[in-house]
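Below are the chains, spelled out letter by letter.
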Amino acid sequence: MANARNSSEKPQHKRPYRLFRNVKTVMDRARLASLEKNYELYRTLAEAADDYIFLIDRAGILRYANQAFAQRYHLPVAALVGNPMSNLFPGDTGVRFKANRDQVLATGNSITIQEKVSLRNGDFWLDTKLVPIKGANGQVDAILGIARDITERHLAEEARKTAEIEYKWFSTILEASVNEIYILYPHTFNFRYANASAINQLGYSMEELTCMTPFDIMPSLTETTFNSYLASLIKGEQEKISYELFHQRKDGSTYPVEIHIQLVHYGDTQFLLAMGIDVTERRQAQLDLAKSQTRYHQAIEASMEGFGMFDNKQRIIDCNESLCHMLEYEHHECIGKNLSDFLTEESIAILNRQYDLISLPPKQVYDFEVRTQSGKLIPTRFHVSAHHNEAGELVYSYAFITNMSDTKQIQADLFQAKEGAEKANLAKSNFLATMSHEIRTPLNGVIGLTELLLDTPLEPQQREIVESIIISANLLLAIINDILDFSKIEAGKMTIESIDFNLYKIVQETAKILLPTAMEKGLLLNLHIDPAVMPMVNGDPIHLKQILFNLIGNAIKFTEHGRVEISLTAADQQDGAQTIRFAIQDTGIGISEENQCDLFEPFIQGEKSTTRKYGGTGLGLAITNRLVQLMHGDMGVQSHQGKGTCFWFTITFQPAKQPMVAVQDHLPISSIDASIPPAMRKVLLVEDNVINITIASTQLEKLGFSVTVATNGQEALDALSKDDYSLVFMDCQMPVMDGYEATRRIRQTEKGKKILIIAMTAFAMQGDREKCLAAGMDDYLSKPLNKSILQKMLQRWLKVAPQSSLPVANANAAVSAVDKAAAADAPANASPDEQLFAGIPTVDFELLKEYQDLDSGEQPSLVARLLETFLGESKELLLQIEQALNAADAAKLMKTAHSLKSASAALGALRLSSMCAHYEAAGRANDLGKVVNFSVLRAEWTEVRKIFMDLILQQ
């Protein structure tokens, strides 16, 4: 029963289901028919649209495109459908489209983009909307795109913006103009526009002016006249018309205006552009000029001097009454006459010879003898000026003519008086010369007898009196010598010799004589000679020595603290002769500007108040200046009161006439290999430290090399561009341009044979050698230079023979007298900073002995000169280090400490050099917090100074 029931119930369930399915099928067919009908409608609309309509799937494949889309690509729709959009949009356009597609897929929202699109057939602007098409599950299945070509609209917008910018630009120009600018309608003459200058000048507002015409602001202008002005513009006969009238302001006042009008076309529109220039100042200037010309003419007529104006044939076209009176003619009689009618034959010849000069600016001066109507001859002076046309041709000339009769007589009287004064002055000079000689003879006897008296047994008081007599007698003798020299010069009896002499020796001897005086005052006396200065010259050594003695002596006399620097430089060289500039610079009291004018006059001192304190006759500089002039040289001074003085003079010397042994004549020829040609013996030393220059150049000269010095990399480049050198010793750290940069530039510019460059640097550190070689240097030396190492370096590169016979002078004279164990160990109570450098000796005396071996026997000795230079420079460097520490200036500390380190090492001050290296490293690392206390550095410098001073005194 159950089975039967079940089997009978199944058909009852299926009948409603079949019925529903049948009904649904009928409805789906109806809906599908409706959808197909709508699809055809939409498709027809899409195909007829001008917009670009397309459909892409999630992968970016084009599934549909209307005809407008296909026409943009000039391809059928079938060729486009199925392609990825990345193929249709190349380059950046495809990248941007993909980013926009991904945004729609990610957000499910529509987006609109305006952008420039680049296709293979050109660029255009599109306004594109991307609309997501979602499935039943809400996911975006496809994207509908609708794009419109807005290229024309975009270009129109850009053109509008450009036009607005240009309008603002031109409006700004018009408004900024200082002149009045107007725009007028050409038919009604109404003002359409007026700029700010016009509105401010006239006093009307823009609204008022637009209701007005030019006739309202120019009462004297009629419409007929204005039309006649404009007729030529409208017909195109003229581009611009100009006229001058008066403008009337709103308040009734008037002012002169220069008007310029043009007809301007703007599209189909014409308008008048007018510019008004206020010429009030110009008219006033014209009136002032007319008044000035009237006054000028009146002044010429009233002048006591003659005045004449001549045409280009030298005929008189105008003249004043003074000239007529001078020539004894009436005014109408002078007009038309030729200038030559009034001149003597000699003056006419001068005029004919120099006629062309009349046309030269600014004016020419002639002395002519003029014959008057009565035949009288008058000496005259013509001051002639000329006027030319644009072609440069003479149009007319004019001259002021002075009667020189009285002047000639005065000149004759003055000449006679001058001759009398010169004879009297010569007699005075002869008398002074004779008297000075007569006085000096017995005075020499007094000095000689007094010196003999000093050699006898005397009581202290008696000896003091005798010494005072000698001092006074020597002062009197110096005064008499000055008077005698001055008298000789004044009398023309001073003879300048012309003999061969060693210039270096003369300068060094003079400095040596005055060195004790400088040392008594605690002054440094330094001598610097440019290597380019010729050592052997022809001239007057005695009087050159007298000049140097006066100037160096004055520098020492007027300097209480500091130094005196003597320098010789080669100023010029022509035809074998060399002009040498001598300069003596001190740090003394200086000379005020007002007292420098008559400084070289006799019996004048730099400062009147110094006469009592410093003494002297005031003849020293006068004699010195006259001696320089007798040697055909020049002399001058630069000084600032309280800041020191520099006296300089130049003398041109001829080279020595006979071959003479130069400064290094005692060097054995065997010191350099004879196989090396002279051209390879020229060395360029590039170094900025004076001590290092002296040491290195002396060592090289002892080895037979000729040394030229450059103090920085730029000077080295200049030297190499002018001369050839076999070898360059290059310091690494220098001002202006360092050695690394200089080497790189040399390597970049050298042509042909490679220049040998050897680096020099203080305290070589790891990596320095590689840095030098990388810059292009060939080898590397550490400072201070060791003679044997230097010789090996030269032997390696230039094949210099080992030196075996260099002279040894005073090898143990000074150094052995000083305790060699100078503070090699720190005292028991030394501070931690002092203990840091305890194991380093204060001075390496063996190094100083090497320098003594290099000494040529001249005085002061090489070691003394080096030590004196060091003491002067190190004191200033020490002060700069202290200033850098106080200011926490790491860069300055590094630079200054490096300089003192190098100088100290060069002279064997090892402990001081090590301390400076410590300061240099701290400055380089910009870490000043852990530097050694400055008092330790100062104490070490004081100790070195004491040792070096003892050495100097024993030299």
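The shown structure was predicted, so the numbers you read here are calculated from the model rather than taken from an experiment.

Peer 1: Mind laying out the UniProt feature "modified residue: Phosphohistidine" (unreviewed entry) in the protein chain, listing which residues take part and the relevant values?
Peer 2: Within this structure's numbering, the places UniProt gives as "modified residue: Phosphohistidine" (unreviewed entry) are His898. The residue His898 is located in helix α29 (residues 890–906) in this model. Among residues more than four places away in sequence, those in contact with His898 are Gln733 and Glu920.

Peer 1: Tell me about the packing of helix α23 (residues 739–749) against helix α24 (residues 768–775), residues and numbers included.
Peer 2: Where α23 contacts α24, the axes come no closer than 8 Å and their chain directions differ by 30°. With respect to α24, the element α23 is oriented roughly parallel. Contacts between α23 and α24 involve Tyr740, Thr743 and Arg744 from the first element and Lys771, Cys772 and Ala775 from the second. Among the residues making up the contact of α23 with α24, the classes are represented as three nonpolar, one polar and two charged.

Peer 1: Residues and numbers for a nonpolar patch on the surface, please.
Peer 2: On the surface, Leu41, Tyr42 and Leu45 cluster together into a nonpolar patch covering about 340 Å² of accessible area. Structurally, Leu41 can be placed in helix α1 (residues 2–48).

Peer 1: Give a detailed account of the sheet that holds strand β11 (residues 306–311), specifying residues and quantitative values.
Peer 2: Remark on secondary structure: sheet strands pair via backbone hydrogen bonds, oriented parallel or antiparallel. What the five strands build is an open sheet, ordered β12-β11-β15-β14-β13; its pairing is antiparallel. Each edge of the open sheet is held by one strand with a lone partner, namely β12 (316–319) and β13 (364–371). Between one strand axis and the next, the sheet turns through 30° on average, direction left out of account. Where β11 lies against strand β15 (residues 394–403), six bridges are found, and the strand directions are antiparallel. In the strand pairing of β15, Gly308 is matched with Ala399.

Peer 1: Account for the side chain of Thr869, with residues named and values stated.
Peer 2: With respect to the element layout, Thr869 can be found in helix α28 (residues 862–887). Accessibility expressed as a relative area gives 12% for Thr869, which makes it buried. What Thr869 contacts, discounting residues up to four positions off in sequence, is Asn526, Val690 and Ile691.

Peer 1: Describe in detail the sheet that holds strand β2 (residues 62–65), supporting the description with residues and values.
Peer 2: Spatially, the five strands line up as an open sheet ordered β2-β1-β5-β4-β3, and their pairing is antiparallel. Every other strand in the sheet has two partners, leaving β2 and β3 (111–119) as the edge strands with one partner each. On average, each strand axis in the sheet is tilted by 30° relative to the strand beside it, whichever way the strands run. Pairing geometry for strand β1 (residues 52–57) and β2, over three bridges, is antiparallel. Paired with Phe54 across the bridge in β2 is Ala65.

Peer 1: If you had to explain the pairing of strand β8 (residues 240–248) to someone new, which residues and values would you point to?
Peer 2: Direction of pairing for β8 relative to strand β9 (residues 254–266): antiparallel, over a ladder of nine bridges. Its bridge partner being in β9, Leu245 is matched across the sheet by Val257. Hairpin connection of β8 to β9: five residues between the antiparallel strands, including Gly252 at a positive phi of 95°.

Peer 1: Give me the lowdown on the packing of aromatic side chains, citing residues and values where you can.
Peer 2: Scanning the entire structure with this criterion turns up 17 aromatic pairs. On the numbers, 6.2 Å between centres and 50° between planes, the contact of Phe54 with Phe97 is tilted. One end of the pair, Phe54, is in strand β1; the other, Phe97, is in helix α5 (residues 91–107), with 43 residues separating them in the sequence. Aromatic pair Phe582 and Phe653: ring centres 6.4 Å apart, planes at 70°, arrangement edge-to-face. Here Phe582, found in strand β20 (residues 577–586), pairs with Phe653, found in strand β22 (residues 644–655); they are 71 residues apart in sequence, far enough to count as distant.

Peer 1: So what about the UniProt feature "modified residue: 4-aspartylphosphate" (unreviewed entry) in the protein chain? Which residues, and what values?
Peer 2: According to UniProt, the positions carrying the feature "modified residue: 4-aspartylphosphate" (unreviewed entry) are Asp731. Mapped onto the elements of the fold, Asp731 is located in strand β25 (residues 727–731).

Peer 1: Summarise the packing of helix α18 (residues 541–557) against helix α20 (residues 620–630); cite the residues concerned and give the values.
Peer 2: Between α18 and α20, the least distance of the axes is 10 Å, while the angle of their chain directions is 145°. Crossing hand, α18 versus α20: left-handed. Residue-level contacts link His543, Gln546, Ile547, Asn550, Leu551 and Asn554 of α18 to Gly620, Leu621, Ile623, Thr624, Leu627 and Val628 of α20. Partitioned by chemical class, the residues of the contact of α18 with α20 number six nonpolar, six polar and no charged.

Peer 1: Describe the environment of Ser385, with residues and values.
Peer 2: Within the fold, Ser385 resides in strand β14 (residues 377–388). With 22 residues separating them in the primary sequence, Ser385 and Lys363 have C-alpha atoms 4.6 Å apart.

Peer 1: An account of unusual backbone geometry is needed here, citing residue identities and associated values.
Peer 2: The backbone of His632 sits at a positive phi, close to 60°, despite the residue not being glycine. Even without a glycine there, the phi angle at Asn926 is positive, about 55°. Tracing the sequence through the fold places Asn926 in the loop between α30 (910–924) and α31 (934–954).

Peer 1: Just give me the short version of α28, but keep the residues and values in it.
Peer 2: Note that an α-helix has 3.6 residues per turn; residues three or four places apart therefore point the same way. Between the first and last C-alpha of α28 there are 37 Å, a value that for 26 residues agrees with the 38 Å anticipated at 1.5 Å per step. Just downstream of α28 lies Ala888, where phi reads positive at about 55°.

Peer 1: Please provide a residue-by-residue account of the state of the cysteines, values included.
Peer 2: Summed over all chains, the structure comprises zero disulfides. Unpaired in terms of disulfides, Cys772 finds its nearest cysteine sulfur in Cys732, a separation of 3.9 Å. Assessed through its relative accessible area of 0%, Cys772 is described here as buried.

Peer 1: Tell me about the side chain of Glu940, residues and numbers included.
Peer 2: Among the secondary structure elements, Glu940 is positioned in helix α31. When sequence neighbours within four positions are dropped, the list of residues in contact with Glu940 reads Thr842, Arg911, Leu912 and Met915.

Peer 1: How would you summarise the pattern of salt bridges if you had to cite specific residues and measurements?
Peer 2: Counted under the stated rule, the structure contains 24 salt bridges. Here Arg63 makes a salt bridge to Asp57, at a shortest N to O gap of 2.9 Å. Owing to a relative accessible area of 47%, Arg63 belongs among the partly exposed residues under this scheme. A salt bridge links Glu940 to Arg911; its shortest N-O distance comes to 3.6 Å. Here Arg911 lies in helix α30 and Glu940 lies in helix α31, a separation of 29 residues in the sequence. A single burial state applies to Glu940 and to Arg911, both of which are buried.

Conventions and cut-offs
Residues numbered from 1 in each chain as written. Predicted model: local features only at pLDDT ≥ 70, side-chain atom pairs only at ≥ 80, totals over all residues. Heavy atoms only, no water. UniProt positions renumbered as here; feature names shortened; annotations may be inferred. Helix = DSSP H or I, 4+ residues; strand = E, 2+ residues; numbered from the N terminus. Contact = heavy atoms within 4.5 Å. Axes fitted to C-alpha atoms, helices over the stretch in contact; angles between N-to-C directions. Parallel < 35°, antiparallel > 145°, perpendicular 65-115°, else oblique. Nonpolar A, V, L, I, M, F, W, Y, C, P; charged D, E, K, R; others polar. Patch = residues over 30% accessible without salt bridge, like charges linked within 9 Å, V, L, I, M, F, W, Y side chains within 5 Å. Areas by Shrake-Rupley, 256 points an atom, 1.4 Å probe, with all protein chains shown as cover. Salt bridge = Lys/Arg side-chain N within 4 Å of Asp/Glu carboxyl O. Pairing = 2+ DSSP bridges. Buried < 20%, exposed > 50% of the residue type's maximum accessible area, 1.4 Å probe, protein only. Phe/Tyr/Trp six-rings, centres within 6.5 Å; stacked < 30°, edge-to-face > 60°. Left-handed = near helix turned anticlockwise from the far one by under 90°. Expected span 1.5 Å × (residues − 1). Disulfide = S-S within 2.5 Å.

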